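Listed below are the residues making up each chain.
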Amino acid sequence: MKLWSISFAYRLGLGFHALNNEGADGSNLMQPRRIDVGSVTHDGISGEIIRRHILENFVDICRNEDPKIPMMPLSEGLHPDRGPIGIRAAARNNNTDSVTLDATNLFPSVRTAIEKCAVLDVGGFLAAWDDAQGTETKSAGNYVAEKEYIEKYCAKRGKVDPVKRESCFDVAWLISESPQDLTITQHSAFRDSASMNSRYAQTMRSNIYGGVIRADLHRIGMDGFWYLQNKKSEERYAITTDEQKKRQIALIEAIVNFIASPTGAKTAGWAPHVFLTEGAILLTSARTAPFTSPIKVVLNDKDAPVQPNPTYAETMAALKNDTDTWVWEFKNTKGILDTVSQIKEIF
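Residues numbered from 1 in each chain as written. Predicted model: local features only at pLDDT ≥ 70, side-chain atom pairs only at ≥ 80, totals over all residues. Heavy atoms only, no water.

Caption draft 1: Molecular detail of unusual backbone geometry. A cis geometry characterises the amide bond from Asp 66 onward to Pro 67, with omega recorded as 5 degrees. The residue Pro 67 is located in the loop between α1 (47-64) and α2 (73-76) in this model. Of note, the phi angle at Phe 16 is positive, near 50 degrees, even though the residue is not glycine. Positionally, Phe 16 belongs in strand β1 (residues 5-17). (Helix = DSSP H or I, 4+ residues; strand = E, 2+ residues; numbered from the N terminus.)

Rendered as structure tokens:
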């Protein structure tokens, strides 16, 4: 099994944007995420909101594939509880005589959920059952985990243990390369009867941001609980090789689409003006993909503890050997979009 993994190190220049604004300071003032490094305030866009929009891109790609990459309905809508709900739906699919998830069909149901839903597979989930979601039925699935493992990994009190699947991709915060002055801009929402301006305050920021994303592509389609199945030990994957490749390419395209057209909270009214897109992509079949961050932390500089790293792309490019490690540098939006077809040729 090749350890296919891909990493993205990138810089985005975003002007006049309100990405990741949240919370309120007073009655009408929206504040952005901030990162304090020492006594210096930098602007931040959280990795979690970037993950959300990568998954939105992923859903669109899966939906438009022909044939469509399978997704469960609530996962297609990115429902917060798509994990536990999807596993229960898989349990009903495995055994129409049982409508309740129990210890005997937990792990087969997780496997089926991965098979039938690319979002649960790629995005991961945490299914933490409560005591009310115990076992009222004792029906077996199409394949049953061995009795000793059932007793070991499932509670004997009739409660199903929590199950967790790690996401196949990790996203770091975007952090501004320069300190961020939190300048407040205001606009008049309307005029009241007394002809006084009623103002809504919205923070607008402009900066260059550095970020990294890594995806372990070989983990896509893998059943993390394969050893608890009544199956052969080599059957670690819940999907075929062809289906795995489709999901791998879809995830790569989803990440590329985010970097090429960054989006986030409040873009409907405050779409960012993108003035810089650059970075490096490293694909490897030998190990977890390394990367070099486009920012560096200078601990002994109290005035500028976070600075641009001018050699990040060059350092990543030095790892290229075109045998088990490939690197693409891009200097604009077209450059990163063009890498998708080149990556497809390697798989």
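From this point, the discussion proceeds with the structure in view.
Caption draft 2: Main features of the environment of His 218. Topologically, His 218 is positioned in the loop between β12 (205-215) and α7 (241-260). Relative accessible area serves as the criterion here: at 11%, His 218 is assigned to the buried category. Through-space distance from the C-alpha of His 218 to that of Gln 244 is 8.5 Å; in sequence the pair is 26 residues apart. (Buried < 20%, exposed > 50% of the residue type's maximum accessible area, 1.4 Å probe, protein only.)

Caption draft 3: Spotlight on the layout of surface pockets. Its boundaries defined by the atoms lining it, the largest pocket holds a volume of some 390 Å³. Elements that contribute at least two residues to the lining of the largest pocket include exactly α1, α3 (82-94), β6 (125-127), β7 (163-165) and β8 (169-171). (1 Å grid on protein atoms, 1.4 Å probe; cavity = no way out; pocket = protein on both sides within 12 Å on 5 of 7 lines; lining within 4 Å. Points joined across faces, edges and corners; volume = space filled by probe spheres on them.)

Caption draft 4: Inspection of the side chain of Asp 43 at higher detail. Within the secondary structure, Asp 43 is located in strand β5 (residues 40-45). In this view, Asp 43 contacts His 17, Pro 32, Arg 33, Ile 35, Leu 174, Ile 175, Ser 176, Gln 180, Arg 205 and Tyr 209; residues no more than four positions away in its chain are not counted. (Contact = heavy atoms within 4.5 Å.)

Caption draft 5: Region of the structure containing helix α9 (residues 333-346). Gly 335, Ile 336, Thr 339, Val 340 and Ile 343 are the residues of α9 that are buried. Those residues of α9 that are buried lie in contact with β1, α7, β13 (273-284) and β16 (325-330). Between the side-chain oxygen of the N-cap and the backbone nitrogen of Lys 334 there are 3.4 Å, and the N-cap of α9 in question is Asn 332. (Polar contact = N/O pair within 3.5 Å; in protein donor to acceptor, adjacent residues only side chain to side chain.)

Caption draft 6: Structural context of the pairing of β1. Within β1, 12 of the 13 residues are buried, which leaves the element mostly enclosed by the surrounding structure. The pairing of β1 with β13 spans 11 bridges and is antiparallel. Of the residues in β13, the one forming a bridge with Gly 15 is His 273. For β1 and β12, the ladder comprises 10 bridges, and the chain directions are antiparallel. Counterpart to Phe 8 in the pairing with β12 is Ile 213. (Pairing = 2+ DSSP bridges.)

Caption draft 7: Geometry of the pattern of salt bridges. Applying the stated criterion to the full structure yields 15 salt bridges. Arg 247 serves as the salt-bridge partner of Glu 243, at 3.3 Å between the closest nitrogen and oxygen. Placement of both Glu 243 and Arg 247 in helix α7 is noted, with a separation of 4 residues, approximately one turn of the helix. For Glu 243, a relative accessible area of 15% gives the class buried. Overlapping salt bridges bring together Asp 60, Arg 63, Lys 68 and Glu 76 as one network. (Salt bridge = Lys/Arg side-chain N within 4 Å of Asp/Glu carboxyl O.)

Caption draft 8: Molecular detail of the packing of aromatic side chains. Throughout the structure, instances matching the rule amount to 3 aromatic pairs. Here the aromatic rings of Trp 4 and Phe 347 are separated by 4.9 Å at their centres, their planes lie at 35 degrees, and the arrangement is tilted. Of this pair, Trp 4 sits in the segment before β1 while Phe 347 sits in the segment after α9, placing them 343 residues apart in sequence. Clustering of aromatic rings is evident, with ring pairs tying together Trp 4, Trp 326 and Phe 347. (Phe/Tyr/Trp six-rings, centres within 6.5 Å; stacked < 30°, edge-to-face > 60°.)

Nothing here speaks to function; it is geometry throughout.
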